[in-house]
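Residues per chain are reported as follows:
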Amino acid sequence: MSILESLTLPASLKEIALKVLAGNRISPEEAVELYESNNLSALGLLAGSVKRRHSSDYVYFNKNFHIEPTNICINHCKFCSYRRNPGQKGAWECSIEEMVEMVERNLLKGATEVHIVGGVHPDRDVRFYADLLRAVREKAPGVHIKAFTAVEIDQMCKMGNLSVEEGLQMLKEAGLESMPGGGAEIFDETLRAEICPDKTDSAGWLQIHGAAHRMGIPTNATMLYGLKENYHHRVDHLRRLRDLQDQTGGFNAFIPLKFRKANNLYSSRKETTVVEDLKNYAVARIFLDNIPHLKAYWPMIGKQVAQLSLFFGVDDLDGTIDDSTRIYSMAGAEEQNPSASTAELVEMIRTAGFRPAERDTLYNILATF
Ligand code: V47
Ligand code: SF4
């Protein structure tokens, strides 16, 4: 309590702080109150205490690379800078052979994980993607395959006339080991209908992740923030994730995704400030007491803010090897050709006072530094 007192908190915040420090869950209303407070140092302190319960003083990174099979997409998310129509300038679709070559190149750099995500292609069904996974698995038997957002899974199963469970089973047998957290955007139905009208709806996204968890496929979760939503919308999003996690325990990490405005229909909007980004990490860490890890995707926010985020509950910095994720570079991300060596990440973590640990996808520690 003595540190808390020195922070000169108003009584209501002090009550929330005591709850968090005692390891108790906070309510959605209390999370809104934390968002509305401007006491960044108190938020950092509380988020840090939750982080330490989950990961002690470790901060993780892993050696992964991204494959984006295509940017051709049947959806029209208004924040997307990346999607193209078939035949449109700037559209790409990689063959399975081309993607296997990418795997081969990255294997040489010591990757332990491949992250495969792209647009929702009009013609490629679940059988095409199962063939892709089998080809990747054959080329790289020891590399963990984390692939496909719930939005891609939804559409590829519909096209293949399979239920989500049948499609996931086919993908699992072909090599799928976990799923990334994309496509969640913001769960509030009114906002979602406005910013990504034709995407899998919120209930569908949660149902697909729940199905994956029940089949032994762990997943991540994201939230796109900084675009039209208010704090109640963010907390509603976090609450739906926390509720599902209570039922399944299948989420490994939560990744807030800051809206970037270049080259999309929302280019005239302002982006969030660094203070808002840090506050968002902290409140997410405090509220999502049952999701073990909080990831900062540094190619999106830049290395400096990523390092700062470690003081606001983040325990995982994503991305080492060349990160070819064009969904961000095309939207104006901080890092246009992101890549960081192990030495650079270790230095970022160590100079922030934490213990660097290379992890595998499931957060087993492979090496400490
Ligand atoms: O769902 C698209 C987001 C997501 C923009 O699970 C944008 O480990 C900001 O989910 N500004 C896909 N965000 C990427 C993703 C992800 C990334 C890193 C790690 C993991 C993981 C998952 O990208 C989309 C959407 O929310 N996005 N456009 C934009 N203009
Ligand atoms: Fe398609 Fe994904 Fe872009 Fe939406 S965010 S338009 S689903 S590529």
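Whatever comes next refers back to the structure up there.
Residues numbered from 1 in each chain as written. Chains lettered and ligands numbered in written order. Predicted model: local features only at pLDDT ≥ 70, side-chain atom pairs only at ≥ 80, totals over all residues. Heavy atoms only, no water.

1. Focus: the side chain of Ser178
Here is step 1 of the chain: Relative to the elements of secondary structure, Ser178 occurs in the loop between α8 (164-174) and α9 (189-195).
Here is step 2 of the chain: If near-sequence neighbours (up to four positions away) are discounted, Ser178 is found in contact with His144, Ile145, Lys146, Ala147, Ile217, Pro218 and Thr361. (Helix = DSSP H or I, 4+ residues; strand = E, 2+ residues; numbered from the N terminus. Contact = heavy atoms within 4.5 Å.)

2. Focus on the sheet that holds strand β4 (residues 144-147)
Here is step 1 of the chain: In spatial order, the strands read β2-β3-β4; together these 3 strands make up an open sheet with parallel pairing. The sheet terminates laterally at β2 (64-67) and β4, the two strands that pair on one side only. Averaged over all pairs of adjacent strands, the angle between strand axes in this sheet comes to 20 degrees, irrespective of strand direction.
Here is step 2 of the chain: The pairing of strand β3 (residues 113-116) with β4 spans 4 bridges and is classified as parallel. (Pairing = 2+ DSSP bridges. Axes fitted to C-alpha atoms, helices over the stretch in contact; angles between N-to-C directions.)

3. Focus on the pattern of salt bridges
Here is step 1 of the chain: Taken as a whole, this structure holds 24 salt bridges when the rule is applied.
Here is step 2 of the chain: Here Glu358 and Lys63 are joined by a salt bridge, their closest N and O atoms 3.7 Å apart. With a gap of 295 residues between them, Glu358 in strand β9 (residues 355-359) and Lys63 in the loop between β1 (58-61) and β2 connect regions that are remote in the sequence.
Here is step 3 of the chain: A salt bridge links Asp277 to Lys258; the nearest nitrogen and oxygen atoms lie 2.7 Å apart. Of this pair, Asp277 sits in helix α12 (residues 274-287) while Lys258 sits in strand β6 (residues 251-258), and the two are 19 residues apart along the sequence.
Here is step 4 of the chain: Classification of Asp277 by relative accessible area gives buried; the value is 2%.
Here is step 5 of the chain: Judged by its relative accessible area of 7%, Lys258 falls in the buried class. (Salt bridge = Lys/Arg side-chain N within 4 Å of Asp/Glu carboxyl O. Buried < 20%, exposed > 50% of the residue type's maximum accessible area, 1.4 Å probe, protein only.)

4. Thoughts on the state of the cysteines
Here is step 1 of the chain: Using the criterion set out here, one finds 0 disulfides in the structure.
Here is step 2 of the chain: Unpaired in this structure, Cys94 has its nearest cysteine sulfur neighbour in Cys73, at a distance of 15 Å.
Here is step 3 of the chain: When its relative accessible area of 9% is taken as the criterion, Cys94 is described as buried.
Here is step 4 of the chain: No disulfide involves Cys157; its sulfur sits 16 Å from that of Cys73, the nearest cysteine. (Disulfide = S-S within 2.5 Å.)

5. Things to note about the pairing of strand β10 (residues 365-368)
Here is step 1 of the chain: Inspection of the sheet shows β9 paired to β10 by 3 bridges, in the antiparallel sense. Within the sheet, the bridge partner assigned to Glu358 lies in β10 and is Ala367.
Here is step 2 of the chain: Hairpin connection of β9 to β10: 5 residues between the antiparallel strands, including Tyr363 at a positive phi of 70 degrees.

6. Side note on a nonpolar patch on the surface
Here is step 1 of the chain: A surface patch of nonpolar side chains, about 240 Å² in accessible area, is lined by Val274, Leu308 and Phe311.
Here is step 2 of the chain: Checked against the element boundaries, Leu308 lands in helix α14 (residues 303-309). (Patch = residues over 30% accessible without salt bridge, like charges linked within 9 Å, V, L, I, M, F, W, Y side chains within 5 Å. Areas by Shrake-Rupley, 256 points an atom, 1.4 Å probe, with all protein chains shown as cover.)

7. Brief notes about the site of ligand 2
Here is step 1 of the chain: Around ligand 2, the structure places Cys73, Asn75, Cys77, Phe79, Cys80, Tyr82, Arg83, Gly119 and Lys199.
Here is step 2 of the chain: Split into classes, the residues belonging to the shell around ligand 2 amount to 5 nonpolar, 2 polar and 2 charged. (Near = heavy atom within 4 Å. Nonpolar A, V, L, I, M, F, W, Y, C, P; charged D, E, K, R; others polar.)

8. Some details on the nonpolar core
Here is step 1 of the chain: Counting 115 residues, the largest nonpolar core has Phe148, Leu168, Leu171, Phe254 and Leu317 as its most contacted members.
Here is step 2 of the chain: Excluding residues within four positions of it along the chain, Phe254 makes contact with Ala221, Thr222, Met223, Leu238, Leu241, Ala284, Leu288, Ile291, His293, Leu294 and Lys295.
Here is step 3 of the chain: Ranked by size, the runner-up nonpolar core spans 5 residues in total, among them Tyr58, Tyr60, Ala253 and Tyr363. (Core = buried A, V, L, I, M, F, W, Y, C linked by side-chain atoms within 4.5 Å.)

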